[in-house]
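Analysis of the macromolecular model
Each chain, written out:
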Amino acid sequence: MLEGLRLAHYQFHLEAVTPVYVPEYKGSVLRGALGTVLRRVSCALRQTTCTGCMLRSSCPYGVIFESGPGPESQHLRNFDQVARPFVLRPPQDNRKVIMPGEDLQFTLVLIGRAIEYLPYFIVVFRELGDEGIGLRQDRLRGKAHLRVVSSVHPLEDTTHQVFDGTSGLVKSDGYILTGENLERWAVTLPSSKLNLEFTTITRLQHDSRIVSTPQFHILIRTLLRRFSNLAYFHHGMDLDVDFKGMIERAHLVSTSSQSIQWLKWERYSSRQKASMDLGGFIGKVSYTGSLGEYLGLLALGSAVNVGKNCTFGLGQYQILTQQ
């Protein structure tokens, strides 16, 4: 099912040069100026919009932030938004200030053709650190130095350095996680009962509303939609999957136990000039039933997050192998 899928996990280490002030949930700080700086460093024509640009299909900013169906394409035209091919997973700690010499570590997940643009992300976060990152304190942001970037193999828990902030050397090699890797791991998981833990705020939408608990069929609907989106727009693949049948059978999987809580989170969007309600649930859930056909899809979700606002790091979950 996952054949042809490619993704890569990179761990960034930013070392604070001056105090860096951050909110408790740091995903918005990391995501905030990413698009603005990426456009600045990658746009060859210095345009203010990508509409009509002849370089849009090859420009890093165009590929990562402006991917979408062409005017002649009828495929997936009902998608209200194309999934962006990256996820920022922020550190899950309660620090409000990162003192000089301390690290701000986060994981960047790149998906499909976005993997080849890793050097642009390195440049962006190096510039963000030099210019100032985090919350303003006395009208200034804290400075940080991009010290190292490592490629991470999430299934083997191994790392390999791909960037040295001292020499400025970017290496092209690193671990690429394939759909086949995920499926080989997925078949080792229990097929009748599975425990998941949602570790960051998760926002699943069903019938045009954000739901408060992760019913299995809603989780599968959301994962199928995300998988289809990432496969088509960022891998050039049409999926031959029985979506309707998988969703119908997902209704037969029950929630045997759950410990879920709702977390409120509001973020101010400078682009939209408005506050955004990004509340959702976190916690543990156990599913019981015939899970075999869904294990690969669930493994994929654990690698690329699920639900709305994944680029901020929302929707991260892990499959608990100790049942």
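The preceding data block contains the structure.
What comes next is a walk through the structure. On a predicted model such as this, the values are computed, not experimentally measured, just so you know. (Residues numbered from 1 in each chain as written. Predicted model: local features only at pLDDT ≥ 70, side-chain atom pairs only at ≥ 80, totals over all residues. Heavy atoms only, no water.)

1. Brief notes about the environment of Val241
Looking at the secondary structure, you find Val241 in the loop between α6 (216-235) and α7 (243-250). Each C-alpha atom of the pair Val241 and Pro23 lies 41 Å from the other, and the pair is 218 residues apart in sequence. Those residues in contact with Val241, other than ones at most four positions away along the chain, are Met1, Leu224 and Met246. (Helix = DSSP H or I, 4+ residues; strand = E, 2+ residues; numbered from the N terminus. Contact = heavy atoms within 4.5 Å.)

2. Let's talk about the packing of aromatic side chains
One pair of aromatic rings is described through two measures. These are the centre distance and the angle between the planes. Tallied over the full model, the rule gives 14 aromatic pairs. Measuring from centroid to centroid gives 5.2 Å for Tyr61 and Phe65, while their planes differ by 20°, and the two rings are stacked. Residue Tyr61 and its partner Phe65 are both found in helix α3 (residues 60-65); the two are separated by four residues, about one turn of the helix. Grouping residues by exposure puts Tyr61 and Phe65 together as buried. The positively charged end of Arg31 is found above the aromatic ring belonging to Phe312, 5.8 Å away from the centroid. (Phe/Tyr/Trp six-rings, centres within 6.5 Å; stacked < 30°, edge-to-face > 60°. Buried < 20%, exposed > 50% of the residue type's maximum accessible area, 1.4 Å probe, protein only. Lys NZ or Arg CZ within 6 Å of the ring centre and 35° of its normal.)

3. A few points about the pairing of strand β6 (residues 133-137)
Taken residue by residue, a regular strand's side chains alternate between the two faces of the sheet. When β6 meets strand β7 (residues 140-142), the two strands line up antiparallel, connected through two bridges. Bridging across to β7, Gln137 finds its partner in Leu140. (Pairing = 2+ DSSP bridges.)

4. Observations regarding helix α4 (residues 118-131)
The terminal C-alpha atoms of α4 lie 20 Å apart, and with 14 residues this matches the ideal 20 Å at 1.5 Å per residue to within 8%. Where α4 is concerned, the buried positions are Leu118, Phe121, Ile122, Val124, Phe125, Leu128 and Gly129. The buried residues of α4 occupy an angular sector of 165° when projected down its axis, which confines them to one face. Gly132 occupies a position one or two residues after α4 and carries a positive phi of about 130°. (Expected span 1.5 Å × (residues − 1). Arc of directions from axis to C-beta.)

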